[in-house]
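One-letter residues, chain by chain:
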Amino acid sequence: MESTKKNKTIIVILAVLLISMIGIWLSVVFNMFADKSIVRSNGFASALKLPPLLEDEDPDPSVARYTLNAQYGETIFMNNLPAPTMGYNGSYLGPILRMKQGEKVSIRVNNSMDEETTVHWHGLVVPGEQDGGPHQVIEPGESWTPSFTVAQPAATLWYHPHALKTTSTQVYYGLAGLIYIEDESQMSKSLPNEYGVNDFPLIVQDRNFNSDGSLSYRTDMMGILPGNTVLVNGTLKPYLDIRREEVRFRVLNGSNSENFVFRLSDGSSFRQIATDGGFMREPVVSKTLTLSPGERAEVLVDFRNVDAEAVNLLLYDTPILKLRLSGKPLGEARDTIPQSDAADIPVGANPRERVFIMESMGINGTINGKSFDQHRIDEEIGLNETEIWTIYSRRGMMMRSGGHPFHVHGTQFQVISRNGKEPPKEERGFKDTVFVDEGEEVRIKIRFTQTGVFMYHCHILEHEENGMMGQVKVIP
Ligand code: C2O
Ligand code: CU
Ligand code: CU
């Protein structure tokens, strides 16, 4: 009797185990199919979306006035399935804000959502009060109207939310847009600058989707799950029609946490002409472009001698944008590129030095051992005083940290060295974000020309939101 009972129990346990294993396998198999069908369903069939250029509401050419509405919406990414999203003046991403060097700009930002937000102008050199960091909260239904004079040369910058605890999800669901600073320099005049013809923005973001076509923002102890799809300007697997000419791309790594390496499928090289803060003194010829979250680059690709009908833009080895070429070669070969004449940041005899140690443990992190506190000023610095900062990324004790993109608000800095050596060519321009891999040490020279309180943080948004941020106060 006893042993039959035992046998029955064992059989029941085995059956339960078998059924649950079948369940797990089925869900794995289903997930595999789900992911594949997502990727397969959009084989470069839709045209690359281009964000609209926002209309300046002020007729005075020396003044620009803009309105942004942060709002909820619905966006179709795949299979005619509408997904709940967020956008500025639209359902996903936002329009391009154009500003001229020297221009007076005011932007009214309305928060039409039912959660707190802010809008931060990433890379813009403006006083702390206008910067849109965590202190400039816009409550639901409220608005905020910063105004400032553009004090920097041509560059591709961007804007995104920065409120505590809502930044990463709001960006993930679509709140982000580009800022184009324009100037009168020779370089600006001679480069391709016809928007949507030979000058294109590429906002690249990795995303996960649910099988109903909605975005899936998922984190665990380690951070956000890397996306299994890639959006360019909010379009999944898009194509772009271009002529056989020299084309300018302004690329933003708009990912929450992933590093990106781009190249062209035909293996051809291109010229990088700008870093985060604007044109470089020396363009860099390369076959790959590496960007960490928050970083931008402008590149020139010469398609005049490409016979193929299409070239793919690859992210690592995955095609993310099909460039369809047409027509005869246009324009002339360019052997020289005008160079930026932006002056280096001057350094005095005994610059003050500071050290910033970034450390993360899964999704949480600290800078100099401290977790972010909105009510604590971590550093004080004099206005217009150049300092040398050493940024160090501590190796993870138990798990790899993967490195951190270090970003500073309200200024553009210059990299002096990476691991004691001269920085690579592509980092010898003005930067507001610099990647510091595990165990690496990057030295920068930095100067603030505007007063107020500014954030510095890791631009992995999940790290920023979980402690890896500090505040510097610039004192006149
Ligand atoms: Cu892109 Cu604190 O910013
Ligand atoms: Cu910023
Ligand atoms: Cu980080």
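Just above, that's the structure.
Residues numbered from 1 in each chain as written. Chains lettered and ligands numbered in written order. Predicted model: local features only at pLDDT ≥ 70, side-chain atom pairs only at ≥ 80, totals over all residues. Heavy atoms only, no water.

Caption draft 1: Quick look at the overall build of the chain. When you go through the chain residue by residue, the secondary structure sums to 4 helices and 35 strands. Whereas a compact globule of 476 residues would reach a radius of gyration of roughly 23 Å, the chain reaches 24 Å, a difference of no more than 12%. With the C-alpha coordinates of the chain rotated into their principal frame, the extents come out at 95 × 60 × 50 Å. Relative to its 476 residues, the chain shows a buried fraction of 52%. Of all intrachain contacts in the chain linking residues separated by at least 6 positions in sequence, the fraction that spans at least 24 positions is 75%. Entry remark: accessible area of the chain is about 21100 Å², with carbon and sulfur atoms responsible for 54%. Put simply, the chain has 46 plus and 60 minus side-chain charges, and the middle of one group is 5 Å from the middle of the other. (Helix = DSSP H or I, 4+ residues; strand = E, 2+ residues; numbered from the N terminus. Rg over C-alpha atoms; globule rule 2.2 N^0.38 Å. Buried < 20%, exposed > 50% of the residue type's maximum accessible area, 1.4 Å probe, protein only. Contact = heavy atoms within 4.5 Å. Areas by Shrake-Rupley, 256 points an atom, 1.4 Å probe, with all protein chains shown as cover. Lys, Arg positive; Asp, Glu negative; His and termini not counted. Charge placed at Lys NZ, Arg CZ, Asp CG, Glu CD.)

Caption draft 2: Here's a closer look at the coordination of the copper ion (ligand 2). Every protein donor of the copper ion (ligand 2) is accounted for by His-120 (NE2) and His-407 (NE2), and the metal-donor separations fall at 1.9 Å. One end of the pair, His-120, is in strand β6 (residues 120-122); the other, His-407, is in strand β29 (residues 404-408), with 287 residues separating them in the sequence. (Donors = N, O, S within 2.8 Å, 3.2 Å for Na, K, Ca; no water.)

Caption draft 3: Summary view of the coordination of the copper ion (ligand 3). The copper ion (ligand 3) binds to the protein through His-404 (ND1), Cys-458 (SG) and His-463 (ND1); the donor distances cover 2.0 to 2.1 Å. Overall, Cys-458 belongs to the buried group, its relative accessible area being 0%. Residue classification places His-463 among the buried positions, given a relative accessible area of 5%.

Caption draft 4: Structural context of the environment of Arg-296. Following the sequence through the fold, Arg-296 ends up in strand β22 (residues 296-302). Exposure remark for Arg-296: the relative accessible area of 2% places this residue in the buried category. In this structure the side chain of Arg-296 is engaged in a polar contact, spanning 3.2 Å, whose partner is the side chain of His-122. (Polar contact = N/O pair within 3.5 Å; in protein donor to acceptor, adjacent residues only side chain to side chain.)

Caption draft 5: Structural view of empty space enclosed by the protein. Counted under the stated rule, the structure contains 2 cavities of 30 Å³ or more. One number sums up the size of the largest cavity: a volume of about 120 Å³. For the largest cavity, the lining is made up of 13 residues, of which Phe-249, Leu-264, Phe-270, Val-299 and Leu-313 are closest to its centre. Residue assignment for the lining of the largest cavity shows that the elements contributing at least two residues are β17 (246-253), β18 (260-264), β22 and β24 (318-326). The element that contributes the greatest number of residues to the lining of the largest cavity is β18, accounting for 3 residues. Looking at the lining of the largest cavity residue by residue, the class counts come to 12 nonpolar, no polar and 1 charged. Here the second largest cavity defines a volume of roughly 30 Å³. Lining the second largest cavity, in full, are Ile-367, Asn-368, Lys-370, Arg-376, Asp-378, Tyr-456, Met-469 and Gly-470. (1 Å grid on protein atoms, 1.4 Å probe; cavity = no way out; pocket = protein on both sides within 12 Å on 5 of 7 lines; lining within 4 Å. Points joined across faces, edges and corners; volume = space filled by probe spheres on them. Nonpolar A, V, L, I, M, F, W, Y, C, P; charged D, E, K, R; others polar.)

Caption draft 6: Layout of the sheet that holds strand β30 (residues 413-418). Read from one edge to the other, the open sheet built from 6 strands follows the order β26-β25-β28-β33-β30-β31, with strand pairing classed as mixed. At either margin of the open sheet sits one strand with a lone partner, and together these are β26 (364-367) and β31 (430-431). As defined by bridge partners, strand β25 (residues 353-361) adjoins β26 across 4 bridges and the pair is classed as antiparallel. Bridge assignment links Met-358 to a residue of β26, and that residue is Ile-367. (Pairing = 2+ DSSP bridges.)

Caption draft 7: Up close: the pattern of salt bridges. All told, the structure shown has 27 salt bridges when counted by the stated rule. Put simply, Arg-304 and Asp-302 hold a salt bridge, and the shortest N to O gap is 2.4 Å. Arg-304 sits in the buried class, given a relative accessible area of 10%. Notably, a salt bridge pairs Glu-440 with Arg-418, separated by 2.9 Å at the nearest N-O pair. Of this pair, Glu-440 sits in the loop between β32 (433-436) and β33 (441-446) while Arg-418 sits in strand β30, and the two are 22 residues apart along the sequence. Overall, Arg-418 belongs to the buried group, its relative accessible area being 13%. The structure contains a network of salt bridges with shared partners spanning Asp-276, Glu-295, Arg-296, Lys-431 and Asp-432. (Salt bridge = Lys/Arg side-chain N within 4 Å of Asp/Glu carboxyl O.)

Caption draft 8: Quick look at the pairing of strand β10 (residues 177-182). Of all the 6 residues making up β10, 5 are buried; the element is thus mostly covered by neighbouring parts of the structure. With 4 bridges joining them, strand β4 (residues 97-100) and β10 adopt parallel strand pairing. Counted as the bridge partner of Lys-100 is Glu-182 from β10. Note that strand β9 (residues 155-160) and β10 share 5 bridges and pair antiparallel. Bridge assignment links Trp-158 to a residue of β10, and that residue is Leu-178.

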